[in-house]
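Letter by letter, the chains look like this.
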Amino acid sequence: MIKTFLFASAACAAATPALAAEPAADLADQQLASAEQSGDIVITARRRAEDLQKVPIAVSVVGAEQIEATGAFNVSRLVQLQPSVQFISSNPRNTAINIRGIGAPFGLTNDGIEQGVGLYIDQVYYGRVAAATLDFVDVEQVEILRGPQGTLYGKNTTAGALNVTTRRPSFDFEGRAEASYGNLNFIQLKGSVSGPIVADKIAARISTSVTLRDGTLLNTVTDRRVNETSNIGIRGQILWQATDSLDLTLYADWNRQDPEGFAQNFVKAVPTARAVTRQFANLARLSNYTPSSIDPFDRLVDADSVLSAKNTHGGVSLLANWDIGPATLTSITAWRKWDWVPSNDRDFTSLAITPLVNNPSQQTQWSQELRLASNGQNRFDYVLGAFYYNQKINTQGVQVQGPFAGLWLLGPTVNAANPGLIDGLRSDNDIRYRNDSFALFGKLTWHISDTLSIAPGLRVNYDKKDGFYNAVVTGGLPNPTPAQRAIKNSVLQNQFYEADFSDWNVSGDLTLSWQATDTVLAYATYARSFKSGGINLNGVPTLPDNVTPNLDTATVAPEEVNHFEIGLKTQLLDNTATLNIAAFRTDIKDFQTTVVNNTVGVIRGYLANVPKVRSQGVEVDFTARPVERLNAYVNFAWTDATYVDFPNAPLPVELSGGPAGSPQFVDASGGRLPGVSEYALSYGAEYRLPAGSGEAYAGVDGSFRSDFSSSPTPSRVMNVEGYVLTNLRAGYRSDSGWDVFGWVRNAFDTRYFDFLTAAPGSTGLIVGQLGDPRTWGVTASVRF
């Protein structure tokens, strides 16, 4: 089917007669070249090439030069340059990108819901956010759009989007190569080459990136370094300039990530509501267990399970642009595949408590987007689009309890009375999901005068989702008594259900912009957006019989978003500086997050809707080039992201594990959302001096994040302290195209956590994922 769509798209486009004088690809290249000469930044956030300072959207841009200079070769590192973006990843599958504190639930991934932040690479929507953990390959720039995006993009997103653009094929032969080496045996190799196949008709580009680094933790069980880096990516493009008005670009990529990693190490043990005999200190004593270190910054871990995270992405897409004179018709046909093969240690100790908790997944998606966008600037400019998206996910979950599971999960008393009851208890889960989505969307910009514009947008969306969940439990003590069966069911239980969700939704936005002067743009936006409902595919609570799934909890309602924003974009000091300010407020009804069943059956975490949350704040982006040799930037974000109404929040770890009949929820209304700092800042500067046939330079990039919550429910023991990171570089750049520089990341060896995790069982064990220590190295590159 996909081959048919690709062929049909190409054939239909190729059969179309030329109606314009300028080739579509050449026109885009000319706009980019003009922007480079003027110092303006061209973005395609509104599906047309525009000056960043003329676009009434809160958007930031990180260009290829900054990505290469700062070592921001993936989304995780990009976050250090963009204070409004949050990135949490306990492994590629369990990854979330949030903007302004919203986007995805905090915690383990659920196949049946969507991200609130869209990831687009060369205009293709990536349905699995695991792609965000891979390296950028030959990227031209990354646009970070903040706020709902639905009337210009194929897939609706409520929090924003990352729009990644790679370098295009060139009709002039060119190439670039880069090699880096650093401590921890860091090796990174990048290369690309582009040129004509048929002069002025067909051009190609092929690019690759390889990144290797030893792990930052030592596993004392295996005496191996873990949390290493092992990434490879290959990307190819063929551009066909079919006619003066028609161009087609075929993309293909393959990416693999295969580290021994994503271990979390001991941070602390805290009191919980469990009986003292069932808390960490006593259980560790009875197990004759001592953590490899009680100082997490010794960087020791004692994982007895195999650690691996094989993450493979690949796909093909065809982009066609047909300039029909007053407008350009664009078609994007894409097919992608994801394969996830993990091995985890989810008891976070060297004891065989839960030695196996893995969820291998396979995903395929294909999408078709058609857009018609007016050319030039007219009294009325428009973008009209249609989008279809199909996704299928199959997950084969497995969880196995080991010899120490009885002591740690049931407690000393119950375990002593029922020895071996849950040793070998195993759950094999078959999880299947299908999603079909169709949308019509459009944006009209009415230039009321030369300075005043109003731009309404509208989206009509239909989603259909089907889910299948089947957990089959085997093993443990054979022939249990009814009482023992009940105990086994409290740990792992058979469960089967099917669920579906379908819904139509109409949403839209309205933006008023005023170009007060050539260098000052003011705008105000209101957006009514949504995030599609979903299906719980991690299991659901049971009815009072403790067996039958409660199908009322099998689906979650859509999020309803009301977003308000005002902004100001200015150019100062004879256009040598820009100052952009945005203030926003986003209210979300039926926010999708993790809650607990507190009334009947097995207590189980699952996805449900929070009545209301709010994210509001102010963002400031400032760049300056006060003299020719110096450029600097400062980006600041104040974000107040809170639960407005959350009466049935899951218990924080310090209150969890109480006896039967004790409360199983708290009222978290007024508490802050997890993963987002109230204050965040990034800054940097580079100074250059002429030297020989080139220039010497030195640069600094830094970031600050204030403390943030690492628990879905605010917890006094699960806050990550704020931290400051500083990166330094210095080198020499020649006029002939080569560059050599040394770099130090986290120059002051700041000790910090990416996030904290409460281990299962309410024992009070807290583990964490450490941020990188100080690293250093040298990078050499050449362009030809």
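Bear in mind the structure is a predicted one, so any value in this text is a computation, not a measurement.

**Q** Explain the overall build of the protein to me, please; I cannot follow it from the model alone.
**A** What the protein contains, in helices and strands, is 8 helices and 44 strands. Taken against the 2.2 N^0.38 rule, which gives 28 Å for 784 residues, the C-alpha radius of gyration of the protein at 27 Å falls within 12% of a compact globule. Taking the principal axes of the C-alpha coordinates as reference, the protein spans close to 85 × 60 × 45 Å. Looking at the protein as a whole, 57% of its 784 residues are labelled buried. For the protein, the share of sequence-separated contacts (at least 6 apart) that also reach a separation of at least 24 residues comes to 71%.

**Q** Help me out: how do you make sense of the sheet that holds strand β43 (residues 765-770) in this one?
**A** Consider a sheet: its strands pair through backbone hydrogen bonds, and that pairing is either parallel or antiparallel. With antiparallel pairing, 3 strands are arranged side by side in an open sheet as β17-β43-β42. Looking at the sheet topology across the chains shown, the edges are occupied by β17 (265-269) and β42 (753-758). Going from strand to strand, the sheet's axes swing by 30 degrees on average, the running direction of each strand aside. As judged from the 4 bridges shared by β17 and β43, these two strands associate in the antiparallel manner. Counterpart to Asn265 in the pairing with β43 is Gly768.

**Q** Honestly, the nonpolar core in this entry has me stumped. Any pointers?
**A** The tendency in soluble globular proteins is for nonpolar side chains to be buried as a group. In terms of nonpolar packing, the biggest core is built from 49 residues, with Ile97, Val142, Ile144, Leu162 and Leu673 touching the most fellow members. For this core, the element with the highest residue contribution is strand β32 (residues 605-627), accounting for 4 residues. With residues near it in sequence (within four places) discarded, Leu673 still touches Gly101, Ile102, Phe591, Val613, Ala641, Thr642, Tyr643 and Ser709. With 21 residues, the next largest nonpolar core counts Ala263, Phe297, Tyr752 and Leu770 among its residues.

**Q** Looking at this structure, I do not really get the pairing of strand β22 (residues 361-374). What am I missing?
**A** For a regular strand, the rule is simple: side chains alternate between the two faces of the sheet. Most of β22 is tucked away, with 10 of its 14 residues classed as buried. In the sheet, strand β20 (residues 327-343) pairs with β22 via 14 bridges, with the strands oriented antiparallel. Pairing of Trp338 across the sheet is with Gln363, part of β22. Sheet topology note: the β22/strand β23 (residues 380-400) ladder contains 13 bridges and is antiparallel. By the bridge assignment, Ser367 is partnered in β23 with Tyr389.

**Q** Looking at this structure, how should I read the sheet that holds strand β14 (residues 224-226)?
**A** Read across the sheet, 3 strands follow the order β14-β13-β18 without closing on themselves; strand pairing throughout is mixed. Both outer strands of the open sheet, β14 and β18 (300-301), are each paired with one neighbouring strand and no more. Relative to β14, strand β13 (residues 217-219) is paired through 3 bridges, and the arrangement is antiparallel. Bridging across to β14, Leu218 finds its partner in Arg225.

**Q** What is the right way to look at the pattern of salt bridges in this model?
**A** Between side chains of opposite charge, a pair can form when the charged atoms approach closely. Inspection of every chain in the model, using the stated rule, returns 36 salt bridges. A salt bridge links Arg432 to Asp430, with the nearest nitrogen and oxygen atoms 2.6 Å apart. One salt-bridge network, in which partners are shared between bridges, spans Glu68, Asp138, Glu140, Arg167, Glu174, Arg205 and Arg783.

**Q** Just to check I follow, could you spell out the environment of Ile294 for this structure?
**A** When you line up the elements, Ile294 lands in the loop between α5 (280-286) and β18. Take Ile294: its relative accessible area is 64%, and that puts it in the exposed class. With 28 residues separating them along the chain, Ile294 and Phe266 place their C-alpha atoms 6.3 Å apart. In this structure, Ile294 is in contact with Phe266 and Val267, ignoring residues within four places of it in sequence.

**Q** Whenever I open this one, the packing of aromatic side chains confuses me. Can you help?
**A** Where two aromatic rings form a pair, the distance of their centres and the angle of their planes describe that pair. Within the structure shown, the criterion is met by 20 aromatic pairs. Aromatic pair Trp366 and Tyr388: ring centres 5.2 Å apart, planes at 55 degrees, arrangement tilted. Placement of the pair is Trp366 in strand β22 and Tyr388 in strand β23, with a sequence separation of 22 residues. The class for Trp366 is buried, based on a relative accessible area of 12%.

Calculation criteria
- Residues numbered from 1 in each chain as written.
- Predicted model: local features only at pLDDT ≥ 70, side-chain atom pairs only at ≥ 80, totals over all residues.
- Heavy atoms only, no water.
- Helix = DSSP H or I, 4+ residues; strand = E, 2+ residues; numbered from the N terminus.
- Rg over C-alpha atoms; globule rule 2.2 N^0.38 Å.
- Buried < 20%, exposed > 50% of the residue type's maximum accessible area, 1.4 Å probe, protein only.
- Contact = heavy atoms within 4.5 Å.
- Pairing = 2+ DSSP bridges.
- Axes fitted to C-alpha atoms, helices over the stretch in contact; angles between N-to-C directions.
- Core = buried A, V, L, I, M, F, W, Y, C linked by side-chain atoms within 4.5 Å.
- Salt bridge = Lys/Arg side-chain N within 4 Å of Asp/Glu carboxyl O.
- Phe/Tyr/Trp six-rings, centres within 6.5 Å; stacked < 30°, edge-to-face > 60°.

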